[in-house]
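Residue-level structure breakdown
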Amino acid sequence: MIVDFHCHILPPGFAERHDELAARDRTYAALFPKPGGRIAGVEALLREMDAAGVDRAVAMGFGWTDQEVAKEVNDYLLDAGRAYSDRITALGSVNPAWGEATVVEGERCLDGGAAGIGELHADTQGFDITDGDALAPLMELLRVRGAPVVIHASEPVGHHYPGKGTTTPEQLLKFVANFPENRMVLAHLGGGLPFYAAMPEVGAALGNVWYDTAALPYLYRAEAVTAAALTAGAERILFGSDWPLLSQRRVMDYIGSSGLEVDGMRPFDGHRMTLPDYLRQGLDIVLIGLNPSAYSVREGHYFANPRNRFWSALAASGLVGRDVGPDDDGGMLADGIGFTDVVKRATPQASGLTAADYRRDAPLLREKLVRYSPMIACFHGLTAYRAYLRYAEGLRNAGDIELGRQSRCIGGSRVFVLPNPSPANARYSLAELTEWYRRLGEWRSELSGVR
């Protein structure tokens, strides 16, 4: 699977609004100093992907300074991600200098299906990337939601270009040190930061950092990719084109000339890119899986494997009151139902999970549930619930646990455990699974009556 991690799409008409947008937004003015810059929308991106053989693209805006411009672009990105969920993954754009509005807009994007935030441009957006206090609210949101952030990075030497900036490896290393639990992608090969990963103390600090190849043909000879792969690890280097600045095929050929192959580069979704959480305040039920399958991540929807019986059982149970399928997962927020997982890392099979995965993500799940406080936190499978209890609550021996209603709460949320609907769990028939979802619906109705 070939994933282009770094593409930019903008709403129709942006090219014709150059003077207005340049006057309103410093980042736009820096990146597009003259009319006629390379601006394109989602349909053009899909055509580019088809021509280059790219399976999925991560589409983002830029580090906008004007809040209304940011919201306009974010809405366009979220719509594109929903309309082409099998091809496009959206990131939202915010500015840490906005204060409280940063987290408000960040939450809106994540709740709307964005997989993360980016690209941030510290220079034009007017924030100090080394100021841990100023960035803490945004980074805490991303940490709790398990979402990555993409940072524009700058080389400390070399030629100047529009938007280059001064976010150099020294500053980026301080940023990383301030937020070691956050997952981040440093664009443009991190301004050269991966070359310093050969220093033991630097390499040790970069455990949650990846680098993309966006615009590299403008910056380095191709052997820079090889050098970064040697010092930081090839698995940390992500294919990114910076389309429409550069064609995807040009960057793919550039990487190929380095001795690496794009189709052999592990996409970010094999590491941390996953299904988005569908969470918000006031939900009746949050459905919690053990972790997303690689199949579901490729399709962009929960329980997407046609052999999984989740959607059939859910529809037959009457819990939602209408026929539903994988494409409806995000839209079920309107029905009072959300989705997340104990572990967000995708694997082909659950056996691929490690203790480190549980230690990292189960406490984050608890934070999400306490924060959003659904009426019922519903785990799919005893394995998922036991893993949660061990790694989030510290209960190594929780005693006998049975399916159904639990006596234990998570914050203000009641807990229900369903059988795992996976095709690997042949113990339960479709009729039996349907009955369990019906019982969950009955409990929701009981609790709703005493709210």
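Residues numbered from 1 in each chain as written. Predicted model: local features only at pLDDT ≥ 70, side-chain atom pairs only at ≥ 80, totals over all residues. Heavy atoms only, no water.

A word on the overall build of the protein chain. Within the protein chain one finds 16 helices and 13 strands. Expected size for 451 residues packed as a compact globule is a radius of gyration near 22 Å; at 22 Å, the protein chain falls within 12% of this value. Each principal axis of the C-alpha atoms in the protein chain carries an extent, and together these give about 65 × 50 × 45 Å. In the protein chain, buried positions account for 59% of the 451 residues. Summarising the internal contacts of the protein chain: among those between residues at least 6 apart in sequence, 76% fall at separations of at least 24. Total accessible area on the protein chain is roughly 18,000 Å²; 50% of this is exposed by carbon and sulfur atoms. (Helix = DSSP H or I, 4+ residues; strand = E, 2+ residues; numbered from the N terminus. Rg over C-alpha atoms; globule rule 2.2 N^0.38 Å. Buried < 20%, exposed > 50% of the residue type's maximum accessible area, 1.4 Å probe, protein only. Contact = heavy atoms within 4.5 Å. Areas by Shrake-Rupley, 256 points an atom, 1.4 Å probe, with all protein chains shown as cover.)

Below, the discussion takes up the side chain of Gln-125. Looking at the element boundaries, Gln-125 is found in helix H6 (residues 122-125). A polar contact is formed between the side chain of Gln-125 and the backbone oxygen of Gly-63, at a distance of 3.2 Å. Within polar-contact distance, the side chain of Gln-125 engages the backbone oxygen of Trp-64 at 2.8 Å. (Polar contact = N/O pair within 3.5 Å; in protein donor to acceptor, adjacent residues only side chain to side chain.)

Following the criterion strictly, the structure yields zero disulfides and no others. We note that Cys-378 lacks a disulfide partner, and the nearest cysteine sulfur, in Cys-409, lies 14 Å from it. By relative accessible area, which is 38% here, Cys-409 ends up partly exposed. (Disulfide = S-S within 2.5 Å.)

The next point concerns the packing of helix H7 (residues 132-145) against helix H14 (residues 355-372). Between H7 and H14, the least distance of the axes is 8 Å, while the angle of their chain directions is 110°. One finds that H7 runs roughly perpendicular with respect to H14. Contacts between H7 and H14 involve Glu-140, Arg-143, Val-144 and Arg-145 on the former and, on the latter, Leu-364, Glu-367, Lys-368 and Tyr-372. Its residues assigned to classes, the contact of H7 with H14 shows three nonpolar, no polar and five charged. (Axes fitted to C-alpha atoms, helices over the stretch in contact; angles between N-to-C directions. Parallel < 35°, antiparallel > 145°, perpendicular 65-115°, else oblique. Nonpolar A, V, L, I, M, F, W, Y, C, P; charged D, E, K, R; others polar.)

What follows is about the packing of aromatic side chains. Here the structure, examined in full by the defined rule, presents 18 aromatic pairs. Taking 4.9 Å as the distance between ring centres and 35° as the angle between the ring planes, the aromatic pair formed by Tyr-28 and Phe-32 counts as tilted. Accessibility classification places Tyr-28 together with Phe-32 in one group, the buried group. Here the aromatic rings of Phe-62 and Trp-64 are separated by 5.6 Å at their centres, their planes lie at 90°, and the arrangement is edge-to-face. The residues Phe-62 and Trp-64 share a single accessibility class, namely buried. Chaining the aromatic ring pairs together yields one cluster made of Tyr-278, Tyr-302, Phe-303, Phe-310, Trp-311, Phe-339 and Tyr-437. The cationic tip of Arg-439 hangs over the ring face of Trp-436; the distance from NZ or CZ to the ring centre is 4.3 Å. (Phe/Tyr/Trp six-rings, centres within 6.5 Å; stacked < 30°, edge-to-face > 60°. Lys NZ or Arg CZ within 6 Å of the ring centre and 35° of its normal.)

All right, on to the sheet that holds strand E4 (residues 116-120) then. Reading across from one edge, E1-E2-E3-E4-E5-E6-E7-E8 is the order of the eight strands in this open sheet, with parallel pairing throughout. The open sheet has two free edges, formed respectively by strand E1 (3-8) and strand E8 (237-238), since each of these has just one partner strand. In this sheet, strand E6 (residues 184-186) lies alongside strand E5 (residues 149-151) in parallel orientation, the contact comprising three bridges. In the sheet register, Val-150 faces E6, and the bridge partner there is Val-185. (Pairing = 2+ DSSP bridges.)

On to the nonpolar core, then. Ile-9, Leu-45, Phe-175 and Tyr-211 are the most contacted members of the largest nonpolar core, which totals 81 residues. Broken down by element, the residue count for this core peaks at seven residues, all from helix H4 (residues 67-83). Ranked by size, the runner-up nonpolar core spans 57 residues in total, among them Val-342, Val-343, Ala-346 and Leu-369. (Core = buried A, V, L, I, M, F, W, Y, C linked by side-chain atoms within 4.5 Å.)

With that out of the way, let us pick up the pattern of salt bridges. Summed over the entire model, instances satisfying the criterion amount to 28 salt bridges. Here Glu-367 and Arg-143 are joined by a salt bridge, their closest N and O atoms 2.8 Å apart. Of this pair, Glu-367 sits in helix H14 while Arg-143 sits in helix H7, and the two are 224 residues apart along the sequence. Among the ionic pairs, Arg-439 bridges to Glu-435, the shortest N-O distance being 3.4 Å. Note that Arg-439 and Glu-435 are positioned in helix H16 (residues 430-448) at a spacing of four residues, about one turn of the helix. The class of Arg-439 is partly exposed, set by a relative accessible area of 35%. Ionic contacts of the salt-bridge type, sharing partners, join the residues Arg-17, Glu-20, Arg-24, Asp-66 and Glu-72 into one network. (Salt bridge = Lys/Arg side-chain N within 4 Å of Asp/Glu carboxyl O.)

A separate point is the layout of surface pockets. The gaps left among the atoms become clear once a water-sized probe is rolled over them. Quantified by volume, the largest pocket comes out at close to 720 Å³. For the lining of the largest pocket, the secondary-structure elements that each account for two or more residues are strand E9 (285-289), helix H12 (294-299), strand E10 (337-341) and helix H15 (382-392). The residue inventory of the lining of the largest pocket, partitioned by class, reads 17 nonpolar, 15 polar and one charged. Put simply, the second largest pocket is a space of about 530 Å³. Residues that form the lining of the second largest pocket fall into these classes: 14 nonpolar, seven polar and four charged. (1 Å grid on protein atoms, 1.4 Å probe; cavity = no way out; pocket = protein on both sides within 12 Å on 5 of 7 lines; lining within 4 Å. Points joined across faces, edges and corners; volume = space filled by probe spheres on them.)

If a residue is not glycine, its phi is most likely negative; likewise, a peptide bond is most likely trans. Omega for the peptide link from Gly-118 to Glu-119 comes to 0°, which places this bond in the cis form. Turning to its location among the elements, Glu-119 is positioned in strand E4. With an omega of 10°, the peptide bond running from Trp-243 to Pro-244 counts as cis. Relative to the assigned elements, Pro-244 resides in the loop between E8 and helix H11 (248-257). We note that Asp-242 has phi near 70°; this positive angle belongs to a residue other than glycine. Along the chain, the position of Asp-242 falls in the loop between E8 and H11. Asp-242 sits in the buried class, given a relative accessible area of 8%. Residues other than glycine seldom take positive phi values, yet Ser-373 does so here, at roughly 45°. The residue Ser-373 is located in the loop between H14 and strand E11 (376-380) in this model.

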